[in-house]
Amino acid sequence: MLSDVIIEKVTLKNFRSHKNINFDTSGMNIVLFGANGSGKTNLLEAISLFSPGRGLRGTANQDLINIEENINSFEIKIILKYKTGSVTLYKKFANFEKKESYYLVDGEKISSNELLNYLRIIWITPVMEKIMLQSNTEKRNFFDRLIFNIEEKHLKNIRQLDKLFKERISLIQNHPNNHEWISIVEEKIVKTSFEVLKIRRKVLPLINNELDKIAEPFSACNIEFNYSYEAANYLDDGQEFLTQYKKQLSLNRSIDSEINKTSVNVNKIKVSIWKNKERKLESKDCSTGEQKSILISIVLSVAKLIKEYDSNRAPIILIDEAMAHLDDHHKKQLLLELEKINSQAWLTGVSKELFSDINNQTVFFELKNHI
């Protein structure tokens, strides 16, 4: 059975290693196989750029252009098929004197925030397996991305908050005596911060609830956010939070001006990923195999929630080289879970044989180094 949304066609022009390539992809699973360097991950990256942000590698647009061609731009087109029709999405980037980067839906420009109205995309890559060992900032960014795919208002809030932090620093450094203007910006910061916290507090228990139900052999785990500033103690009382946090921002203007950042903010979190809900062992102390199992558990759990909160529309799931390091039991269970979620999954591997247990609604593409 086809998902409520699938990518039916992909066209790349001058993107990474692909000069001009088309894929007709009307299957539930898409398997890209071929030798290392054949462009498999590049194709997944192109698709991932239809999710807000910099895609699965976090690369700037100008570094995505095919350097072999004398064309300083790239274009990606995907056709999305729904049960009720289809839409065409473009991403275009031109690295001329004035850089241009924009999205189109059926010829009309949209913002990157609006991409979430058309599809949700989540992914698993080999680099992500190190998330358990990364900094709190990197872990928080990882979970904020997952959260805004479940609750799209979160994306607007975290982007707005980042702009407000920059505006406040500019004001306290360049206009320190304009207390009224600074106070207005700080008022916006505390209100937006409360919205960010409210959504995190709502969604994180939902993720943990799904993780608690994850099927073996994948590992159950539990995510915990601990905030390190005074105002966080008042999250159950919105007005008190606003009062306390605004007072703290006002007191910290001088020091924040010197260090060039807002020192007390909702993004200063200690993120703990525990092996299970008993919280006795952190994932950073688990084996690499267990860490990979935990990562897959998190992504599968979030995929189920996205489907529940996005009108029963399952996300597109990109899985880069995951099969190469999974035993047969994990491999079969992963494919079974994807089938249950009813997501279109894009998977890569060096050989077709890695996917012997995949269902018959699968389209295989072999990529070769000369493409």
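Rules of the game
- Residues numbered from 1 in each chain as written.
- Predicted model: local features only at pLDDT ≥ 70, side-chain atom pairs only at ≥ 80, totals over all residues.
- Heavy atoms only, no water.
- Helix = DSSP H or I, 4+ residues; strand = E, 2+ residues; numbered from the N terminus.
- Rg over C-alpha atoms; globule rule 2.2 N^0.38 Å.
- Contact = heavy atoms within 4.5 Å.
- Areas by Shrake-Rupley, 256 points an atom, 1.4 Å probe, with all protein chains shown as cover.
- Lys, Arg positive; Asp, Glu negative; His and termini not counted.
- Charge placed at Lys NZ, Arg CZ, Asp CG, Glu CD.
- Core = buried A, V, L, I, M, F, W, Y, C linked by side-chain atoms within 4.5 Å.
- Buried < 20%, exposed > 50% of the residue type's maximum accessible area, 1.4 Å probe, protein only.
- Axes fitted to C-alpha atoms, helices over the stretch in contact; angles between N-to-C directions.
- Parallel < 35°, antiparallel > 145°, perpendicular 65-115°, else oblique.
- Nonpolar A, V, L, I, M, F, W, Y, C, P; charged D, E, K, R; others polar.
- Polar contact = N/O pair within 3.5 Å; in protein donor to acceptor, adjacent residues only side chain to side chain.
- Pairing = 2+ DSSP bridges.
- Salt bridge = Lys/Arg side-chain N within 4 Å of Asp/Glu carboxyl O.

*Asks:* Quick rundown of the overall build of the protein? Include the residues and the values.
*Replies:* Looking only at helices and strands, the protein has eight helices and 13 strands in total. Computed over the C-alpha atoms, the radius of gyration of the protein is 22 Å, within 12% of the 21 Å expected from 2.2 N^0.38 for a compact globule of 371 residues. Long-range contacts, defined here as pairs at least 24 residues apart, represent 71% of the contacts in the protein between residues at least 6 apart. With the model as given, the accessible surface of the protein reaches about 17,300 Å², and the carbon-plus-sulfur share is 45%. Distance between charge centroids for the protein: 2 Å, based on 53 positive and 49 negative side chains.

*Asks:* Got a sec to walk through the nonpolar core? Specific residues and values, please.
*Replies:* Residues Ile298 and Trp346 are the most contacted members of the largest nonpolar core, which totals 88 residues. Among the elements that line this core, the one with the most residues is helix α7 (residues 288–309), at 10 residues. If we ignore the near neighbours within four places in the chain, the residues touching Ile298 are Phe142, Phe143, Leu146, Leu211, Cys221, Ile223 and Ile273. Listed in part, the 20 residues of the second largest apolar core include Leu164, Ile169, Phe241 and Tyr245.

*Asks:* Quick one: what's the story with the packing of α7 against helix α8 (residues 328–341), residue by residue and with numbers?
*Replies:* Packing of α7 against α8 brings their axes to within 10 Å, and their N-to-C directions diverge by 10°. With respect to their mutual orientation, α7 and α8 come out roughly parallel. Across the interface between the two elements, Ser293, Ile296, Leu300, Ala303, Lys304 and Lys307 from α7 touch His330, Leu334, Glu337, Leu338, Lys340 and Ile341 from α8. Here the contact of α7 with α8 is built from residues that sort into six nonpolar, two polar and four charged.

*Asks:* Give a detailed account of the environment of Leu295, specifying residues and quantitative values.
*Replies:* Locating Leu295 in the fold gives a position in helix α7. Counting along the chain gives 74 residues from Leu295 to Cys221, while the straight-line C-alpha distance between them is 9.4 Å. Excluding residues that lie within four positions of it along the chain, Leu295 makes contacts with Ile124, Thr125, Met128, Glu129, Ile131, Met132 and Phe142.

*Asks:* Please provide a residue-by-residue account of the environment of Gln173, values included.
*Replies:* Inspection of the secondary structure assignment puts Gln173 in helix α3 (residues 153–174). For Gln173 and Arg253, which are 80 residues apart along the polypeptide, the C-alpha to C-alpha distance reads 9.0 Å. When near neighbours in sequence (up to four residues on either side) are disregarded, Gln173 contacts Ser257 and Asn260. A distance of 2.9 Å separates polar atoms of two side chains, one belonging to Gln173 and the other to Asn260.

*Asks:* Any chance you could break down the side chain of Asp256 for me, citing the residues and the numbers?
*Replies:* Residue position: Asp256 is located in helix α6 (residues 253–259). Non-local contacts of Asp256, meaning those with residues more than four positions away in its chain, are made with Arg168, Ile169, Ile172, Lys261, Thr262 and Ser263.

*Asks:* Summarise the sheet that holds strand β8 (residues 121–124); cite the residues concerned and give the values.
*Replies:* What the five strands build is an open sheet, ordered β8-β11-β12-β3-β13; its pairing is parallel. Pairing within the sheet leaves two strands with one partner each, and these edge strands are β8 and β13 (362–366). Adjacent strand axes in the sheet meet at a mean angle of 15°, parallel and antiparallel pairs treated alike.

*Asks:* Residues and numbers for the pairing of strand β5 (residues 85–94), please.
*Replies:* Two strands pair when backbone bridges link them, and strand β4 (residues 73–82) and β5 are joined in this way by 10 bridges, in the antiparallel orientation. Bridge pairing in β5 places Leu80 opposite Val87. Here β5 pairs with strand β6 (residues 100–105) via six bridges, running antiparallel. Opposite Ala94, over in β6, you have Glu100 as the bridge partner. Hairpin connection, β5 to β6: the antiparallel pair is bridged by five residues.

*Asks:* Hey, could you go over the pattern of salt bridges for me, with residue numbers and the actual values?
*Replies:* Counted by the stated rule, this structure contains 26 salt bridges. With a shortest N-O distance of 2.9 Å, Asp144 and Arg200 are connected by a salt bridge. Of the two residues, Asp144 is situated in helix α2 (residues 136–150) and Arg200 in helix α4 (residues 179–212); the sequence distance between them amounts to 56 residues. For the salt bridge of Lys275 with Glu290, the shortest nitrogen-to-oxygen distance reads 2.7 Å. With Lys275 in the loop between β10 (269–274) and α7 and Glu290 in helix α7, this pair connects stretches of sequence that are 15 residues apart. Classification of Lys275 as partly exposed rests on a relative accessible area of 26%. Salt bridges linked by common partners bring Arg120, Glu152, Asp310 and Arg313 together as one network.

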